[in-house]
Amino acid sequence: MSFGSSIRHCECIFYHDWQRTKKPRAGSEEATLPGVTKTSNVAPEKLSLNTSTGVVVAAAEAATSNQQAANDSNSLPFDEEAKLVYGVVLSLRNMVKKLSGRDESFVNYRTSTYKLHLFETISGYKFIMFTDPAATADALKYVLRQIYTGPFMEFVVRNPLITMDSRTSGIDNEKFRTATDKMIRGLSIFA
Amino acid sequence: MVAYGLWVINKAGGLVYQKNFPVPTIPDRGLAPLTSNEYLVLAGTLHGIHAITSRLSPTGSGSGAQVIEGETFKMTIHLTSTGTKFVLLTSLNDGTAEIMLQRVYEAYADTVMKNPFHTLEMPIRSELFDVKINALFSNQL
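Residues numbered from 1 in each chain as written. Chains lettered and ligands numbered in written order. Predicted model: local features only at pLDDT ≥ 70, side-chain atom pairs only at ≥ 80, totals over all residues. Heavy atoms only, no water.

Colleague: Summarise the overall build of chain B; cite the residues concerned and give the values.
Modeller: Across its full length, chain B holds 3 helices and 5 strands. Counting helices and strands in the order they occur from the N terminus, chain B gives β-β-α-β-β-β-α-α. Summarising its shape, the C-alpha atoms of chain B cover approximately 45 × 40 × 30 Å along the three principal directions. For chain B, the residues scored as buried account for 48% of the 141 residues in total. Considering only contacts within chain B whose residues lie at least 6 apart along the sequence, 50% involve residues at least 24 apart. Per element, the accessible surface of chain B, about 7,000 Å² overall, is 58% carbon and sulfur. Placing the 10 positive and 11 negative side-chain charges of chain B at their respective mean positions leaves the two points 5 Å apart. (Helix = DSSP H or I, 4+ residues; strand = E, 2+ residues; numbered from the N terminus. Buried < 20%, exposed > 50% of the residue type's maximum accessible area, 1.4 Å probe, protein only. Contact = heavy atoms within 4.5 Å. Areas by Shrake-Rupley, 256 points an atom, 1.4 Å probe, with all protein chains shown as cover. Lys, Arg positive; Asp, Glu negative; His and termini not counted. Charge placed at Lys NZ, Arg CZ, Asp CG, Glu CD.)

Colleague: Explain the overall build of chain A to me, using residue names and the numbers behind them.
Modeller: A tally of helices and strands in chain A yields 5 helices and 5 strands. Going residue by residue from the N terminus, the α and β elements of chain A occur as β-β-α-α-α-β-β-β-α-α. Out of the 191 residues in chain A, the part that is buried amounts to 48%. With the model as given, the accessible surface of chain A reaches about 9,300 Å², and the carbon-plus-sulfur share is 54%.

Colleague: Describe the environment of Leu116(A), listing the residues and the values that go with them.
Modeller: Residue and element names in this part refer to chain A. Tracing the backbone through its elements, the reader meets Leu116 in strand β4 (residues 115-120). For Leu116, a relative accessible area of 0% translates into the label buried. In this view, Leu116 contacts Val89, Phe106, Val107, Asn108, Tyr109, Ile128, Met129 and Phe130; residues no more than four positions away in its chain are not counted.

Colleague: Please provide a residue-by-residue account of helix α2 (residues 97-113) of chain B, values included.
Modeller: All names here are of chain B. Along its 17 residues, α2 runs 22 Å from first to last C-alpha, staying within 8% of the 24 Å computed at 1.5 Å per residue. Every buried residue of α2 is accounted for by Ala97, Met100, Leu101, Val104, Ala107, Tyr108, Thr111 and Val112. Along the long axis of α2, the arc covered by the buried residues comes to 120°, so they all point the same way. Of the surrounding secondary structure, the elements contacted by the buried residues of α2 are β1 (3-9), β4 (73-79), β5 (85-91) and α3 (127-136). (Expected span 1.5 Å × (residues − 1). Arc of directions from axis to C-beta.)

Colleague: An account of the nonpolar core is requested, with residue identities and associated values reported.
Modeller: Among the nonpolar cores identified, the biggest contains 33 residues, and Leu99(A), Tyr109(A), Trp7(B), Leu46(B) and Met75(B) are the most heavily contacted of them. Elements supplying a minimum of two residues to this core: α3 (78-100), β4 and β5 (126-131) of chain A together with β1, α1 (36-55), β4 and β5 of chain B. Per element, the largest residue contribution to this core is 7 residues, and it comes from α3(A). Excluding its chain neighbours within four sequence positions, the residues that come into contact with Trp7(B) are Leu99(A), Leu15(B), Tyr17(B), Gln18(B), Tyr39(B), Leu42(B), Ala43(B), Leu46(B), Lys85(B), Phe86(B), Val87(B) and Leu89(B). (Core = buried A, V, L, I, M, F, W, Y, C linked by side-chain atoms within 4.5 Å.)

Colleague: Account for the interface of chain A and chain B, naming residues and giving values.
Modeller: Across the contact, 33 residues belong to chain A and 36 residues belong to chain B. Of the roughly 3,000 Å² buried between chain A and chain B, counting both surfaces, carbon and sulfur atoms make up 64%. Applying the counting rule to chain A against chain B returns 2 salt bridges. Ionic pairing is found between Lys98(A) and Glu38(B), a salt bridge with its closest N-O pair at 3.5 Å. One can count 8 residue pairs in polar contact (both at pLDDT 80 or more) joining chain A with chain B. Where the side of chain A that touches chain B is concerned, the elements lending two or more residues are α3 and β3 (108-110) of chain A. Among the elements that take part in the side of chain A that touches chain B, α3(A) stands out by supplying 11 residues, more than any other. Of the residues contributing to the side of chain A that touches chain B, the split by class is 16 nonpolar, 10 polar and 7 charged. For β3(A) and strand β3 (residues 67-69) of chain B, the ladder comprises 3 bridges, and the chain directions are antiparallel. Following the sheet pairing, Arg110(A) is matched in β3(B) by Val67(B). (Buried area = accessible area lost by both parts, 1.4 Å probe. Salt bridge = Lys/Arg side-chain N within 4 Å of Asp/Glu carboxyl O. Polar contact = N/O pair within 3.5 Å; in protein donor to acceptor, adjacent residues only side chain to side chain. Nonpolar A, V, L, I, M, F, W, Y, C, P; charged D, E, K, R; others polar. Pairing = 2+ DSSP bridges.)

Remember, this is a structural readout, not a statement about activity or role.
Given below as structure tokens:
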């Protein structure tokens, strides 16, 4: 059970999940950057959401998806969850740096139900992965690094059509999504 | 297998006990020395982070963070049923942190809770507690 996202400028720019048991609620349309995710805002019949007009199409379906979401009143809307994740990561990084006195970041933390792994690049991109608590931390750090040097470099950085560092749109690249998906599913630790 | 420090945080998030242990080996630099004010702030931050991490669980409700790993140290958190947090900062290869925290909890119950002059949720000023903690962690010297 895992899902991953990457965050830059306090905005979540990519999200994908594999076996999440409780789906996040649909985020409010203004708060989520268009193109961040295909899973939260779409009612099941209309999975072929055209993400270039992402915001408009999703708003029309908001009525149906909110019905399902209303039952799940404990789970947070996606955009709020993304903000919480970013907040936790930032606070933990500062705390670990303060405690050790050296320029080091935290690597992962574990609770009774999940484990959160962080990989930060020198350019400031944070790759975050949630897994089940038994996952070995070293393997995951390597995996996140591989996502960075593999699909991310290939389909995002080297893509002339994607504006890096954009504050108005997420990374909505089909190739990146499928390549990451394939890579994660091919791992031995993926149950 | 080195313990660097121990914190006890009350249920409101305030630091009630903090102790740094001397680090035996030279290549092991341990943690940076901080002022008591900085420890107070860090304890409050940790309390908040613990609450948020329990909210972020992908499978509905779960516990808060139990182990936080950095690059040179790790933090083990034991949350009691009354909301008190026992935090132990150790080296990465330490596998006995949970057991040590259980023993610290026992020492806390014996010397602090049973002390009629101790005010709950206030800083711990008990010589017996200090003695017991020193005894628990003295084998690393």
